[in-house]
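Fold and contact review
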Amino acid sequence: MNSNRRKFLTFAALAVPTAGGMLALPGTAFGASGDLPDFLPIPRASLGPAVNADGYHVDRIKGNLYWVTDSFYQAMFLTTRDGVVLVDAPPTIGHNLQRAIDDVTKVNGRPNKVTHLVHSHFHADHVGASGIFGKNVERVAHKETARLLREARDPNRPVPTTTFDDHYTLRVGGETLQLDHHGPNHSPDNIFIHAPNQETLMVVDVVYPGWAPFKGLGVSQEVPNWVRMHDVALRYPWRTLVSGHLGRLGTRTDVTLQRDYVTDLRTGAEAAIANLDPSPYFAKYGPAANAWAIFDGYLDEAARLAADPVIAKYAGTLAAVDVFTFDNAFALVESARIDAGRLGPFAIHP
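What this report covers is the structure whose coordinates are included nearby. Predicted model, so just to flag it, every value in this text is computed and none were measured. (Residues numbered from 1 in each chain as written. Predicted model: local features only at pLDDT ≥ 70, side-chain atom pairs only at ≥ 80, totals over all residues. Heavy atoms only, no water.)

**What to know about the overall build of the protein chain**
Counting its secondary structure elements, the protein chain contains 10 helices and 14 strands. Over its C-alpha atoms the protein chain spans a radius of gyration of 22 Å, differing by no more than 12% from the 20 Å that the globule rule assigns to 350 residues. If you line up the protein chain on its principal axes, its C-alpha atoms span 70 × 50 × 40 Å. Counting across all 350 residues of the protein chain, residues that qualify as buried make up 49%. When contacts within the protein chain are restricted to residue pairs at least 6 apart in sequence, those whose partners lie at least 24 apart make up 63%. A total of about 16300 Å² of accessible surface is found on the protein chain, and carbon and sulfur atoms cover 55% of it. (Helix = DSSP H or I, 4+ residues; strand = E, 2+ residues; numbered from the N terminus. Rg over C-alpha atoms; globule rule 2.2 N^0.38 Å. Buried < 20%, exposed > 50% of the residue type's maximum accessible area, 1.4 Å probe, protein only. Contact = heavy atoms within 4.5 Å. Areas by Shrake-Rupley, 256 points an atom, 1.4 Å probe, with all protein chains shown as cover.)

As structure tokens, then:
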């Protein structure tokens, strides 16, 4: 392990927000004093359990279903009489995945070998530690995941061995997972993983329980469908959500709260496009024929107009609402323009 990687992991273990508070690493500085901005405090309800000395937390969801987190990423696993079914393998958790599995199976007396690994989608931040489980693992994913991983040629992300189009029922050792693809959203291949007997749904990079969504609506590649996935998730019968990110599990209330946040932001984005006067940007940058400066000024202001009231409304309710809401608003402004055709001053020339 190189020294920079070791320093990062040390800091991540010691300076991660948890329900127990923020544990600081004394004497650590990332830049000159005053270089970094301050943000709103994180609501206690948004934080999860503290991680252990190795940097992870593992706990039972229901029955033989468990989750593991490092407070940044999450994975889920089923212990069965025939082996372990692991869903995702985030590299930040890495070999702690097996340690967490060992912790559980040592107590419940089930095999600790990972026999099946389900990919929520192809992104390296969620399955980039798949390779540590070796070749003798059945890797299950959407067919698009397999295509994208064949193109990636990443030894840390072996190509799935079992693929499906729309729906697939995985049965291992008396346990069941239902895998469903509802179309492209965060990524072209992102799927829903439902554990019906445990009343649990795992869907990654869509809902961020207790937090505002990550930058650019979770850097989603298909914004309208990403928005629609909130309603899709609520159609499933579940009590517990594994979201793939951050330090706590989610509830149905978390999904409806984020849906409200996105709805408010989208409404503000559409209103900004309809009402924002573009003439100052044309007057300032038009004489220099700087088209990009015109668009940049106009779109940034539209995003700001959409974001500011939403930040004020959800401050203290959604963690870090002041961090990424401008970027989320920008994504919705662009989606309103190019997906929904609300072009504002850039509509059909008379």
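Here the narrative resumes.
**Focus: the pattern of salt bridges**
Tallied over the full model, the rule gives 14 salt bridges. Asp 165 is the salt-bridge partner of Lys 143, the closest N and O atoms lying 3.0 Å from each other. One end of the pair, Lys 143, is in helix H4 (residues 143–152); the other, Asp 165, is in the loop between strand E9 (162–164) and strand E10 (167–172), with 22 residues separating them in the sequence. Residue class for Lys 143 comes out partly exposed when judged on its relative accessible area of 44%. The class of Asp 165 is partly exposed, set by a relative accessible area of 42%. Here Glu 270 ties to Arg 342 by a salt bridge, and the two come within 3.6 Å at their closest N and O atoms. Taken together, the residues span a long stretch of sequence, with Glu 270 in helix H7 (residues 252–275) and Arg 342 in the segment after helix H10 (321–338) at a distance of 72 residues. What makes Glu 270 partly exposed here is its relative accessible area of 26%. (Salt bridge = Lys/Arg side-chain N within 4 Å of Asp/Glu carboxyl O.)

**What to know about H7**
Here H7 spans 35 Å end to end across 24 residues, near enough to the 34 Å set by a 1.5 Å rise per residue. For H7, the full list of buried residues reads Asp 254, Val 255, Gln 258, Tyr 261, Val 262, Leu 265, Ala 269, Ala 272 and Ile 273. Residues of H7 that are buried sit in contact with helix H6 (223–235), strand E14 (240–242), helix H9 (291–314) and H10. (Expected span 1.5 Å × (residues − 1).)

**Regarding the side chain of Asp 254**
Its place among the elements puts Asp 254 in helix H7. According to the relative accessible area criterion, Asp 254 is buried, its value standing at 9%. Those residues in contact with Asp 254 that sit more than four places away from it in its chain are Val 207, Pro 209, Gly 210, Arg 248 and Leu 249.

**A short note on unusual backbone geometry**
Residues other than glycine seldom take positive phi values, yet Arg 153 does so here, at roughly 50°. Tracing the chain through its elements places Arg 153 in the loop between H4 and E9. A positive phi angle, close to 55°, is found at Leu 217, a residue other than glycine. By secondary structure assignment, the location of Leu 217 is in helix H5 (residues 215–219). Judged by its relative accessible area of 0%, Leu 217 falls in the buried class.

**Some details on the sheet that holds E10**
Taken together, five strands build an open sheet; the order of strands is E10-E11-E12-E13-E14 and the sheet is mixed. The sheet is open, and its two borders are formed by E10 and E14, each paired with just one other strand. Between one strand axis and the next, the sheet turns through 20° on average, direction left out of account. Across three bridges, strand E13 (residues 200–203) lies against E14 in parallel orientation. The residue of E14 that forms the bridge with Thr 200 is Thr 240. (Pairing = 2+ DSSP bridges. Axes fitted to C-alpha atoms, helices over the stretch in contact; angles between N-to-C directions.)

**Side note on the packing of H7 against H9**
Packing of H7 against H9 leaves a shortest axis separation of 9 Å and a crossing angle of 145°. H9 is crossed by H7, and the crossing has right-handed handedness. Residues Leu 257, Asp 260, Tyr 261, Asp 264, Leu 265, Gly 268, Ala 269, Ala 272 and Ile 273 of H7 pack against Tyr 298, Ala 302, Leu 305, Ala 306, Ala 307, Val 310, Lys 313 and Tyr 314 of H9. Its residues assigned to classes, the contact of H7 with H9 comprises 13 nonpolar, one polar and three charged. (Left-handed = near helix turned anticlockwise from the far one by under 90°. Nonpolar A, V, L, I, M, F, W, Y, C, P; charged D, E, K, R; others polar.)

**Quick notes on the nonpolar core**
Within the largest apolar cluster, 43 residues are counted, with the highest numbers of intra-cluster contacts made by Phe 192, Leu 201, Leu 241, Tyr 261, Val 321 and Leu 332. Elements with a contribution of two residues or more to this core: E13, H6, H7, H9 and H10. The element contributing the most residues to this core is H9, with 10 residues. Setting aside anything within four residues of it in sequence, one finds Val 321 in contact with Leu 40, Ala 212, Tyr 261, Val 310, Ile 311, Tyr 314 and Ala 315. Listed in part, the 20 residues of the second largest apolar core include Leu 65, Val 87, Leu 179 and Ala 195. (Core = buried A, V, L, I, M, F, W, Y, C linked by side-chain atoms within 4.5 Å.)

**Points about the sheet that holds strand E3 (residues 57–62)**
Sheet architecture is open: seven strands sit in the order E3-E4-E5-E6-E7-E8-E9, paired in mixed fashion. With partners counted over all chains shown, the strands left at the sheet margins are E3 and E9, one partner each. Ignoring strand direction, the axes of neighbouring strands in this sheet form an average angle of 20°. For strand E8 (residues 138–142) and E9, the ladder comprises three bridges, and the chain directions are parallel. Residue pairing for E9: His 142 is matched across the bridge by Phe 164.

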